[in-house]
Amino acid sequence: MSENEYWFCLTHHAVEGRDGCKNSDRLGPYATADEASHALEKVAERNEAWDNDLEWNDDEPGPDGRVSER
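Bear in mind the structure is a predicted one, so any value in this text is a computation, not a measurement. (Residues numbered from 1 in each chain as written. Predicted model: local features only at pLDDT ≥ 70, side-chain atom pairs only at ≥ 80, totals over all residues. Heavy atoms only, no water.)

Undergrad: Just give me the short version of the overall build of the protein, but keep the residues and values in it.
TA: Counting secondary structure elements, the protein contains 2 helices and 3 strands. If you list the helices and strands of the protein from N to C, you get β-β-β-α-α. The buried share of the protein, reckoned over its 70 residues, is 14%. (Helix = DSSP H or I, 4+ residues; strand = E, 2+ residues; numbered from the N terminus. Buried < 20%, exposed > 50% of the residue type's maximum accessible area, 1.4 Å probe, protein only.)

Undergrad: Pulling in residues and values, what's your account of the sheet that holds strand β1 (residues 6-9)?
TA: What links the strands of a sheet is backbone hydrogen bonding, and the strands pair in either a parallel or an antiparallel sense. A sheet is described by the order of its strands in space; here 3 strands give the open sequence β2-β1-β3, paired in antiparallel fashion. Here the strands that pair on one side only, and so sit at the sheet edges, are β2 (14-16) and β3 (26-30). Going from strand to strand, the sheet's axes swing by 25° on average, the running direction of each strand aside. Relative to β2, β1 runs antiparallel, the two being bridged by 3 bridges. Within β2, the position partnered with Cys 9 by the bridge is Ala 14. Most of the contacts of helix α2 (residues 39-51) go to β3, to which it runs at about 100°, and overall it touches β1 and β3. (Pairing = 2+ DSSP bridges. Axes fitted to C-alpha atoms, helices over the stretch in contact; angles between N-to-C directions. Contact = heavy atoms within 4.5 Å.)

Undergrad: Can you break down the environment of Leu 40 residue by residue, with the values?
TA: As for its position among the elements, Leu 40 is in helix α2. Spatially, the C-alpha atoms of Leu 40 and Phe 8 are 8.3 Å apart, while their sequence positions differ by 32 residues. In contact with Leu 40, not counting residues within four places along its chain, are Phe 8, Leu 10, His 13 and Leu 27.

Undergrad: Account for the packing of aromatic side chains, with residues named and values stated.
TA: For the coordinates displayed, the defined rule picks out 0 aromatic pairs. It is Arg 26 that lies over the ring of Trp 7; its NZ or CZ is 4.2 Å from the centre. (Phe/Tyr/Trp six-rings, centres within 6.5 Å; stacked < 30°, edge-to-face > 60°. Lys NZ or Arg CZ within 6 Å of the ring centre and 35° of its normal.)

Undergrad: Report on the pattern of salt bridges, specifying residues and quantitative values.
TA: Evaluation of the coordinates by the stated rule reveals 1 salt bridge. Note that Glu 16 is salt-bridged to Arg 26, the shortest N-O span being 3.3 Å. Taken together, the residues span a long stretch of sequence, with Glu 16 in strand β2 and Arg 26 in strand β3 at a distance of 10 residues. For Glu 16, a relative accessible area of 13% corresponds to the buried category. (Salt bridge = Lys/Arg side-chain N within 4 Å of Asp/Glu carboxyl O.)

Undergrad: Mind laying out the environment of Cys 9, listing which residues take part and the relevant values?
TA: Relative to the elements of secondary structure, Cys 9 occurs in strand β1. Between the C-alpha atom of Cys 9 and that of Ala 39, which follows or precedes it by 30 residues, the distance is 9.5 Å. Discounting chain neighbours no more than four positions away, the residues touching Cys 9 are Ala 14, Glu 16, Cys 21, Asp 25 and Arg 26.

Here it is in structure tokens:
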């Protein structure tokens, strides 16, 4: 673990160092504070990409016969 790692705290919506909130409440680690400050944008971009991935289809029933909801 590097001394220069940063996280984005989901509770406080702030960039934190190693001694911030518990890991379950934050995203990271990121190499720079600037990267951490854009964590929610990165999450939104990835979610959009996954939602539009033609190889992934949530509309097909699972083993239990139910269709997952978005």
